[in-house]
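# What the coordinates show
Residue-level listing of the chains:
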Amino acid sequence: NPMMWSHKATARNVARLREDGIGFIGPNAGEMAEKGEPGTGRMAEPAEILDAVVARLDDRATGLEGLLAGRRVVVTSGPTHEPIDPVRYLANRSSGRQGHAIAGAAARAGAEVTLVSGPVTIPDPAGVRTIHVETARQMLDALQGALPADIAVCAAAVADWRPANEGGQKIKKRQGEAPPPLGLVENPDLLATLSRLAKHRPTLVVGFAAETERLIEHARAKLERKGCDMIVANDVSPGSGVMGGDRNTVHIVTAENVVSWEEASKDEVARRLVAHVAGILKAREP
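Cut-offs applied
Residues numbered from 1 in each chain as written. Predicted model: local features only at pLDDT ≥ 70, side-chain atom pairs only at ≥ 80, totals over all residues. Heavy atoms only, no water. Salt bridge = Lys/Arg side-chain N within 4 Å of Asp/Glu carboxyl O. Buried < 20%, exposed > 50% of the residue type's maximum accessible area, 1.4 Å probe, protein only. Helix = DSSP H or I, 4+ residues; strand = E, 2+ residues; numbered from the N terminus. Disulfide = S-S within 2.5 Å.

Where charged atoms of side chains with opposite charge meet at close range, the side chains can pair. Applying the stated criterion across every chain, the model contains 11 salt bridges. A salt bridge links Arg88 to Asp85; the shortest N-O distance between them is 2.5 Å. Take Arg88: its relative accessible area is 35%, and that puts it in the partly exposed class. Taking the relative accessible area as the measure of exposure, Asp85 reaches 2% and is therefore buried. Note that Glu262 and Arg272 form a salt bridge whose closest N and O atoms lie 3.3 Å from each other. Highlighted residues: Glu262 in the loop between β15 (258-260) and β16 (264-265) and Arg272 in helix α8 (residues 266-284), separated in sequence by 10 residues. For Glu262, a relative accessible area of 53% puts it in the exposed group. Residue Arg272 is classed as partly exposed on the basis of its relative accessible area of 33%. A cluster of three or more residues bridged by salt bridges with shared partners is formed by Arg201, Asp229 and Arg284.

Structure (structure tokens):
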């Protein structure tokens, strides 16, 4: 029930349980059994509970469980949609599967996770607070609002540019006339902004580099340019099957070296990445 879930005593108990490494499945948002009381408080669907239990057993077998107990993690995922007019927008082919998988794995590792998601067609991961946005500027606002955090994983494919002038009405095609010019302006750089924060910079900032050529070269340049701690690079060239697919091949690029992981499901990549960053975070602290 929404009133029960939002009660201060419940919030205190949930926070303590998360600190102890206890995972949560739900609650979900929607209509309640009580008429006229929609909100967050629904029991998760049985299939969702089963999936979460299976994932937890996998996490226990692979040593993920409890690795991020008491930590706060923020993850960005999916594309952004930059409006041209009320009907059209600029976007990309990101499905959000990898970012959502990372958020879910971090939650199962015991972290308090905030996921900032662009428009996707996949469900929110269990045990994660999800903020839905559309544009790059909305995503930046939500990302900064989720701080402070111990770890930030910027997996979203944020549009580099947006239309300079959004049309208030649908732009009409006129017979015999040239297409209207589409002026572009640069969007805020979420990864660079987060990496250079003077206050509330996460201890570990992880970025993604989706490239179609010269993968490692571009990833290294991005690491230096953005000021983050790590880049997860992957090949999204035509035929790779990564955009929208269920599998991924990634390369972990840091200032010290490049480590290439074998192809795996996006869930397995997420599980391995969460374990990897948990180890780095532990090593950095006294």
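Having seen the structure, we can now continue with the description.
Moving on: the state of the cysteines. Note on terminology: disulfide describes a covalent bond linking the sulfur atoms of two cysteines. Under the defined criterion, the tally for this structure stands at zero disulfides. A disulfide-free cysteine, Cys154 has its sulfur positioned 8.2 Å from the sulfur of Cys228, the nearest such atom. For Cys228, a relative accessible area of 9% gives the class buried.

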